[in-house]
Structure formats: structure tokens, C-alpha cells
Amino acid sequence: MRYCITGGIGAGKSYVCRRLEQRGIRIYDCDSEAKKLLHSSQSLRQAMTSLIGPDAYTADGTLNKPAVTRFLLESEQNKQKVNAIVHPAVMRHFHDSGYEWMESAILYEAHLEHYVDRVIAVTAPEEVRIRRIMQRDSLTEEAAQEWLNKQTDQEMVAQRADYIIRNDGSEDIETQIDRLMMALYNRTSL
């Protein structure tokens, strides 16, 4: 079985993942692994260079973030082309990694849900998420709201998930994780 922890920015999915890791569960972080693969995988480097051009990487072989960002912002089609290169490579790496769990903020946006058997969504009220984003990234309320507006609706993510962890302070996270573990590993209903 393969599991995914997902949720929008500021919902607390990384916090939940840290709690799971404290219980001995290894979690594959799709975002950080994608960054590593973009630097280490020769086939990804070639594909990105073919798509974006020779300025996709600097002379020392580092991903040229400003050039890639410009390319991504030029059109939705460019973003889809980059995603079509990066996402399958990350999912192949995940499946070859031996990990059963992964963390992905964009599971549904990237149409990666078919790579896992169960999805756990971490949710929190919008005002809590905005406050967390403002504190974590030193952003204004308007900038934090802008980030939220760019994401898939949290309710849609929750509706599609197999299990929901509410990270709103109303119920203890550890208790919710205990119930999740019992449901997943004892095969009780989610």
C-alpha cells in the first residue's frame, strides 16, 4: 500500500508528516525530491534543457531558477510541459525508493492520485492557514491570501481524500493520527 499526505499551503501537512516520522514512518517529500532530481538526473537535465533552452541550467550545472520561472510564467502550456517532465520522474523515483508514504501538496492538481492507494488530506480553516503562511513566510495578509487563491479548493481536496486530519486546534493531532494508523493498518473503515 502507498499513502499520500496532501493539503493546501498552511494546512499543516508537513507538521503531520513530522509527527508520523516520529512514529517511525519514512515519508518521501515530493517537493524536495523533485529539486534534487532536477540537479542530479541527467535525463531530467536533458529534457529540461531541450524544452527551455541552454539557459535552463547555469554553467556550473545548477538549475537556473530565474530562467525556469520566466518560462513557467509565459503560459499555462509551458507549466504543463515542465510538469509532464518532472512529475513522472518524481513518481518513478518514489516507487523505486522503497517508501510507502509521500507528501505532495499538488497531488490532485498534478493528477498523481493514481500512484497511491490512500490519500490523507490535512485541512485547516482559511484564517488559520493565512496566519500560518504570514508567520512562516513573513508575508502580508494580502500576499498570503493570494497564495491560497492559487491553490485547489480545500473542500474539494477533502472530499476526494480517504481520510481527513483537521489541523485546526479543535482536536488533538496525535489522537487523529492514532485513529488513522488503526484504520490503515488494522483495515478498519476509514
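In this report, we go over the structure that sits alongside the text. Since this is a predicted model, take the numbers as computed values, not measurements.

**Describing the packing of helix α3 (residues 42–52) against helix α5 (residues 76–97)**
And step 1. Packing of α3 against α5 leaves a shortest axis separation of 10 Å and a crossing angle of 175°. With respect to α5, the axis of α3 lies roughly antiparallel. For the pair formed by α3 and α5, the contact residues are L44, A47, M48 and L51 on the first element and K81, V82, I85, V86 and A89 on the second.
And step 2. Along the lines of polarity and charge, the residues of the contact of α3 with α5 split into eight nonpolar, no polar and one charged.

**Concerning the pattern of salt bridges**
Should their charged atoms come close, side chains of opposite charge can pair.
And step 1. Under the criterion given, the structure shown has nine salt bridges.
And step 2. Linking E33 and K36 is a salt bridge whose minimum nitrogen-to-oxygen distance equals 3.3 Å. Of the two residues, E33 and K36 both sit in helix α2 (residues 30–40), three residues apart, roughly one turn of that helix.
And step 3. By relative accessible area, which is 16% here, E33 ends up buried.
And step 4. Measuring nitrogen to oxygen at the nearest pair gives 2.9 Å for the salt bridge that ties D137 to R136.

**Description of the nonpolar core**
And step 1. Ranked by size, the top nonpolar core spans 31 residues in total, and within it Y28, L38, M48, V86, V90, M102 and L107 carry the most contacts.
And step 2. Mapped onto this core, the elements with two or more residues apiece are α2, α3, α4 (65–74), α5 and β4 (118–123).
And step 3. With sequence-adjacent residues up to four places away left out, V86 is seen in contact with A34, L38, L44 and M48.
And step 4. Judged by nonpolar contacts, the second largest core, of 18 residues, contains A11, I25, I120 and L180.

**Here we look at the environment of E103**
And step 1. With respect to the helices, strands and loops of the structure, E103 is situated in strand β3 (residues 101–103).
And step 2. Within the local environment of E103, its side chain forms a polar contact with the side chain of S14, the two groups lying 2.7 Å apart.

**What about α5?**
And step 1. With 22 residues, α5 ought to run about 32 Å at 1.5 Å a step, and its terminal C-alpha atoms sit 31 Å apart, in line with that.
And step 2. When α5 is considered as a whole, its buried residues turn out to be N78, V82, I85, V86, H87, A89, V90, M91 and F94.
And step 3. Where α5 is buried, its residues touch β2 (27–29), α2, α3, α4 and β3.

**With respect to unusual backbone geometry**
And step 1. Not every positive phi belongs to a glycine, and H111 is a case in point at roughly 55°.
And step 2. For H111, the position within the fold is in the loop between β3 and β4.
And step 3. With a phi close to 55°, S138 is a non-glycine residue in the positive phi region.
And step 4. For S138, the position within the fold is in the loop between α6 (126–137) and α7 (141–149).
And step 5. Since its relative accessible area comes to 66%, S138 is described here as exposed.

**A look at the side chain of K13**
And step 1. Tracing the chain through its elements places K13 in helix α1 (residues 13–22).
And step 2. E103 provides the closest opposite charge to the buried, unpaired K13, separated from it by 4.9 Å.
And step 3. For K13, the contacting residues outside a window of four places in its chain are I5, T6, G7, G8, E103, A105 and V122.

**Considerations on the environment of R160**
And step 1. Looking at the secondary structure, you find R160 in helix α8 (residues 154–160).
And step 2. Along the chain, R160 and I120 lie 40 residues apart, while their C-alpha atoms are 9.4 Å from each other.
And step 3. Residues in contact with R160, not counting those within four places in the same chain, are Y108 and E113.

Rules of the game
- Residues numbered from 1 in each chain as written.
- Predicted model: local features only at pLDDT ≥ 70, side-chain atom pairs only at ≥ 80, totals over all residues.
- Heavy atoms only, no water.
- Axes fitted to C-alpha atoms, helices over the stretch in contact; angles between N-to-C directions.
- Helix = DSSP H or I, 4+ residues; strand = E, 2+ residues; numbered from the N terminus.
- Parallel < 35°, antiparallel > 145°, perpendicular 65-115°, else oblique.
- Contact = heavy atoms within 4.5 Å.
- Nonpolar A, V, L, I, M, F, W, Y, C, P; charged D, E, K, R; others polar.
- Salt bridge = Lys/Arg side-chain N within 4 Å of Asp/Glu carboxyl O.
- Buried < 20%, exposed > 50% of the residue type's maximum accessible area, 1.4 Å probe, protein only.
- Core = buried A, V, L, I, M, F, W, Y, C linked by side-chain atoms within 4.5 Å.
- Polar contact = N/O pair within 3.5 Å; in protein donor to acceptor, adjacent residues only side chain to side chain.
- Expected span 1.5 Å × (residues − 1).
- Lys, Arg positive; Asp, Glu negative; His and termini not counted.

Just distances and angles here, no functional claims.
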